[in-house]
Amino acid sequence: MPQIDHAIELTDYRRQDFSVCLGCKICASVCTVNDITGNTNPQDMLQRIFLGKDISADEPLVRSCTGCYRCTGACPWEIRIPDVIRALRHELNVESPFEKAFKGSVSLFGRVYEPYVLMKAVPFLIRGGYMQHVTRWMEYMGFHLPHRVKRT
Amino acid sequence: MEYGYYPGCSLTGSARKLDKGIRQIFARAGHTMKEIPDWNCCGAFEYGDRKELVNFSKKNLEKARGHFHDIVTPCPACYKNLKEADEAYEFGVIHPLDVFDESFFQWTKQARDLAGQVFTPYYGCILLRPKETAIRNKTIMEETIVRFGGEVAGEAAKDRCCGGNQIFIDKSVTEKLSRIILEKSRGTLVVFCPLCHMALKTFSGERKVIYFTDLLLYIMGEKGAL
């Protein structure tokens, strides 16, 4: 439970704010994650957070939320569920090597320098079968040297 | 008019074409754009700590203070973050799609039309949601395509999610979601978001995926725009 409370502190919400949820499940009816796995219900997760129950890092919503805000757009209270899930991902250390490289670049250069991020994530890209797409990406990816990336 | 310009990280690399397009179109419309000096990353979607995320954009606004009031931000993620960070409404954070209004087209010199071509406008998520940061005219791409004689298709695809945010987390998620959009659309896909462009282009095969700026430049007569 303290972990969930920690995660909520990272958002603009307090746990009791979720008591307004009407239980209409319209968020579940529009959730993009249901196009991938099915049976995803953000309302159920909000209820569990409100009740102080644990959320697992393996849940499809935590793993695969795309941050599309379809739930927020449909919700009568416009609850920003993707913000809550992003905070949960942060607290539960759900972070891909690419995300780590992204943050590494931001703290090093102040910006995302794509060649740096890709180099850092090479083992992950090979394992994940991304190399087959590289020629496609090269068609439109611009390249510039890091000296144009400013440190802040 | 003079605008401040916040290109964001992807527009210096993988979405350089969008950056070039925006600069060209604004110059043709007689606007000047100056980059916010020494801007930093907006944090995109990668930071779970809301304060940390907002602070990135507050830093950018700090750098713009005294130089610019209106700031143009083409990347939807940067646009949303910057607009949310401007809590006191001190700046005008503007998405280019809101600049391409009726008066813009009155001054646009048309060199070509889109007759006989089919397009699916694809807005993706962040330009349309949440409503506080959404663009004003949510049918601007359709209106433009019709205005210049093109056929609009794929209404069911326009506000779905391509899963671009997950492309470097779990590729299979992005592939599945992007393929739904490719199936529900017809003709050339017209996008504005660098992430949507990357996700859809990765899985589009022979189908064309272009930026909306490419379409405008084509109409204006630019060589090799499409």
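Residues numbered from 1 in each chain as written. Chains lettered and ligands numbered in written order. Predicted model: local features only at pLDDT ≥ 70, side-chain atom pairs only at ≥ 80, totals over all residues. Heavy atoms only, no water.

## Some thoughts on the overall build of chain A
Next up, step 1: When helices and strands are tallied, chain A shows 10 helices and 0 strands.
Next up, step 2: Ordered by position in the sequence, the α and β elements of chain A form the string α-α-α-α-α-α-α-α-α-α.
Next up, step 3: Projected onto its principal axes, the C-alpha positions of chain A cover 50 × 35 × 25 Å.
Next up, step 4: Sorting the 152 residues of chain A into buried and exposed places 49% on the buried side. (Helix = DSSP H or I, 4+ residues; strand = E, 2+ residues; numbered from the N terminus. Buried < 20%, exposed > 50% of the residue type's maximum accessible area, 1.4 Å probe, protein only.)

## With respect to the overall build of chain B
Next up, step 1: The secondary structure content of chain B amounts to 9 helices and 8 strands.
Next up, step 2: Computed over its C-alpha atoms, the radius of gyration of chain B comes to 17 Å, within 12% of the 17 Å expected for a compact globule of 226 residues.
Next up, step 3: Over its C-alpha atoms, taken along the principal directions, chain B stretches across nearly 50 × 45 × 30 Å.
Next up, step 4: A buried classification covers 63% of the 226 residues belonging to chain B.
Next up, step 5: A sequence separation of at least 24 residues applies to 67% of the contacts in chain B between residues at least 6 apart.
Next up, step 6: Per element, the accessible surface of chain B, about 8800 Å² overall, is 50% carbon and sulfur.
Next up, step 7: Of the side-chain charges in chain B, 32 are positive and 29 negative, and the distance between the mean point of each set is 4 Å. (Rg over C-alpha atoms; globule rule 2.2 N^0.38 Å. Contact = heavy atoms within 4.5 Å. Areas by Shrake-Rupley, 256 points an atom, 1.4 Å probe, with all protein chains shown as cover. Lys, Arg positive; Asp, Glu negative; His and termini not counted. Charge placed at Lys NZ, Arg CZ, Asp CG, Glu CD.)

## With respect to the pattern of salt bridges
Next up, step 1: Counting across every chain of the model gives 28 salt bridges over all chains.
Next up, step 2: Between Lys-103 of chain A and Glu-95 of chain A there is a salt bridge whose closest N-O contact spans 2.8 Å.
Next up, step 3: Accessibility expressed as a relative area gives 19% for Lys-103 of chain A, which makes it buried.
Next up, step 4: A salt bridge links Arg-23 of chain B to Asp-19 of chain B; its shortest N-O distance comes to 3.2 Å. Placement of both Arg-23 of chain B and Asp-19 of chain B in helix H1 (residues 16-28) is noted, with a separation of 4 residues, approximately one turn of the helix. (Salt bridge = Lys/Arg side-chain N within 4 Å of Asp/Glu carboxyl O.)

## Describing the environment of Asp-170 of chain B
Next up, step 1: With respect to the secondary-structure elements, Asp-170 of chain B resides in the loop between strand E6 (151-152) and helix H7 (171-184).
Next up, step 2: Along the chain, Asp-170 of chain B and Val-93 of chain B lie 77 residues apart, while their C-alpha atoms are 32 Å from each other.

## Let's talk about the interface of chain A and chain B
Next up, step 1: On the side of chain B, 51 residues touch chain A, which itself brings 52 residues to the contact.
Next up, step 2: Looking only at chain A, the three residues that lose the most surface to chain B are Arg-86, Arg-136 and Tyr-140 of chain A, adding up to 14% of its buried area.
Next up, step 3: If you look at where chain A meets chain B, you find 4 salt bridges.
Next up, step 4: As a salt-bridge pair, Arg-80 of chain A and Glu-84 of chain B come within 2.6 Å of each other at their nearest N and O atoms.
Next up, step 5: Counting every contact that joins chain A to chain B gives 26 residue pairs in polar contact (both at pLDDT 80 or more).
Next up, step 6: Those elements that place two or more of their residues in the side of chain A that touches chain B are helix H4 (60-64), helix H5 (70-74), helix H6 (81-91), helix H7 (97-109), helix H9 (122-127) and helix H10 (134-138) of chain A.
Next up, step 7: Per-class residue counts for the side of chain A that touches chain B are 17 nonpolar, 17 polar and 18 charged. (Buried area = accessible area lost by both parts, 1.4 Å probe. Polar contact = N/O pair within 3.5 Å; in protein donor to acceptor, adjacent residues only side chain to side chain. Nonpolar A, V, L, I, M, F, W, Y, C, P; charged D, E, K, R; others polar.)

## Let's talk about the packing of aromatic side chains
Residues and elements named next belong to chain B.
Next up, step 1: Overall, the coordinates contain 16 aromatic pairs over all chains when judged by the stated rule.
Next up, step 2: Consider the rings of Phe-192 and Phe-212, whose centres lie 6.4 Å apart with planes at 40 degrees: the pair is tilted. Of this pair, Phe-192 sits in the loop between strand E7 (188-191) and helix H8 (194-203) while Phe-212 sits in helix H9 (residues 212-219); the two residues are 20 residues apart in sequence, bridging distant segments of the chain.
Next up, step 3: Here Phe-192 falls in the buried class, since its relative accessible area comes to 0%.
Next up, step 4: Among the aromatic residues, ring-to-ring pairing joins Tyr-3, Phe-26, Phe-100, Phe-104, Phe-105, Phe-148, Phe-192 and Phe-212 into one connected group. (Phe/Tyr/Trp six-rings, centres within 6.5 Å; stacked < 30°, edge-to-face > 60°.)

## A short note on a nonpolar patch on the surface
Next up, step 1: A cluster of nonpolar residues, Val-20, Leu-22 and Trp-77 of chain A, forms a patch on the protein surface that exposes about 310 Å² of accessible area.
Next up, step 2: Note that Leu-22 of chain A resides in the loop between helix H1 (2-9) and helix H2 (26-30). (Patch = residues over 30% accessible without salt bridge, like charges linked within 9 Å, V, L, I, M, F, W, Y side chains within 5 Å.)

## Re the domain arrangement of chain A
By a frequent convention, interface size equals the accessible area lost on bringing the separate parts together.
Next up, step 1: Taken domain by domain, chain A consists of domain 1 (2-91) and domain 2 (97-148).
Next up, step 2: Computed over C-alpha atoms only, the centres of domain 1 of chain A and domain 2 of chain A are separated by 30 Å. (Domains from an automatic or database assignment.)

## Some thoughts on the packing of H1 of chain A against H6 of chain A
Residue and element names in this part refer to chain A.
Next up, step 1: Their axes nearest at 8 Å, the elements H1 and H6 cross at an angle of 125 degrees. The angle between the axes of H1 and H6 places the two elements in the oblique class. You can see that H1 and H6 cross each other, and the crossing is right-handed. Residues Gln-3, Ile-4, His-6, Ala-7 and Ile-8 of H1 pack against Val-84, Ala-87, Leu-88 and Glu-91 of H6.
Next up, step 2: For the contact of H1 with H6, the per-class residue count stands at 6 nonpolar, 2 polar and 1 charged. (Axes fitted to C-alpha atoms, helices over the stretch in contact; angles between N-to-C directions. Parallel < 35°, antiparallel > 145°, perpendicular 65-115°, else oblique. Left-handed = near helix turned anticlockwise from the far one by under 90°.)

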